[in-house]
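Fold and contact review
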Amino acid sequence: MKLKFCKFLNSELHDIDFTNADLSHIQFNRCDLSRSTFDQTLLEKTDFTTATHFSINLEKNRVKKAKFAKDNLRGLLDSFDIIIE
């Protein structure tokens, strides 16, 4: 599925399966992505700076030039099974 250049604002996007989707240039403004799946997803230039509760495996998704807030990087490290304190 191609959803390029869409904007999601103040949305609860729970349990959404984004597998194999093209989400390049998407803006997830203040969106809760709890339990959503990103697998083989194109996330180039996607904006997650104000998104919460996402979990994205950097080895299984294309994230070139995607934007993340420095205070909200935990969702990028879930696949490494490490403890962040």
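Not measured: the values here are computed from a predicted model. (Residues numbered from 1 in each chain as written. Predicted model: local features only at pLDDT ≥ 70, side-chain atom pairs only at ≥ 80, totals over all residues. Heavy atoms only, no water.)

Our next topic: the packing of aromatic side chains. Taken as a whole, this structure holds eight aromatic pairs when the rule is applied. With a centroid separation of 5.5 Å and 10 degrees between ring planes, the pair formed by F8 and F28 is classed as stacked. Residue F8 is found in strand β1 (residues 7-9), and its partner F28 is found in strand β2 (residues 27-29); the two are separated by 20 residues along the sequence. For F28, a relative accessible area of 0% gives the class buried. Following the ring pairs from residue to residue traces out a cluster consisting of F8, F18, F28, F38, F48, F54 and F68. (Phe/Tyr/Trp six-rings, centres within 6.5 Å; stacked < 30°, edge-to-face > 60°. Helix = DSSP H or I, 4+ residues; strand = E, 2+ residues; numbered from the N terminus. Buried < 20%, exposed > 50% of the residue type's maximum accessible area, 1.4 Å probe, protein only.)

Okay, the nonpolar core next. Counting residues in hydrophobic clusters, the biggest one holds 17 residues, and the most contacted among them are L23, F28, L33, F38, F48, F54 and I56. Setting aside anything within four residues of it in sequence, one finds L33 in contact with L13, F18, F28, F38, F48, A51, T52, H53 and F54. (Core = buried A, V, L, I, M, F, W, Y, C linked by side-chain atoms within 4.5 Å. Contact = heavy atoms within 4.5 Å.)

On to the pattern of salt bridges. This structure, assessed with the given rule, holds two salt bridges. Here E44 ties to R62 by a salt bridge, and the two come within 2.9 Å at their closest N and O atoms. Pair noted here: E44 is in the loop between β2 and α1 (74-77) and R62 is in the loop between β2 and α1, with a separation of 18 residues, a long-range link. Since its relative accessible area comes to 52%, R62 is described here as exposed. (Salt bridge = Lys/Arg side-chain N within 4 Å of Asp/Glu carboxyl O.)

Take the environment of D15 next. Locating D15 in the fold gives a position in the loop between β1 and β2. Each C-alpha atom of the pair D15 and S55 lies 12 Å from the other, and the pair is 40 residues apart in sequence. Not counting chain neighbours up to four residues away, the residues in contact with D15 comprise S34, R35 and S36. Engagement of the side chain of D15 in a polar contact is seen with the side chain of R35, the distance being 3.0 Å. (Polar contact = N/O pair within 3.5 Å; in protein donor to acceptor, adjacent residues only side chain to side chain.)

Another point: the side chain of S11. When you line up the elements, S11 lands in the loop between β1 and β2. Polar side-chain contacts of S11 include one of 3.1 Å to the backbone oxygen of L9. What S11 contacts, discounting residues up to four positions off in sequence, is R30, C31 and D32.

When pLDDT is averaged along the protein chain, the result is 93; 100% of the residues meet or exceed 70. For the protein chain, the element scoring lowest by mean pLDDT is α1, at 87; β2 scores highest, at 97. (pLDDT = per-residue confidence, 0-100.)

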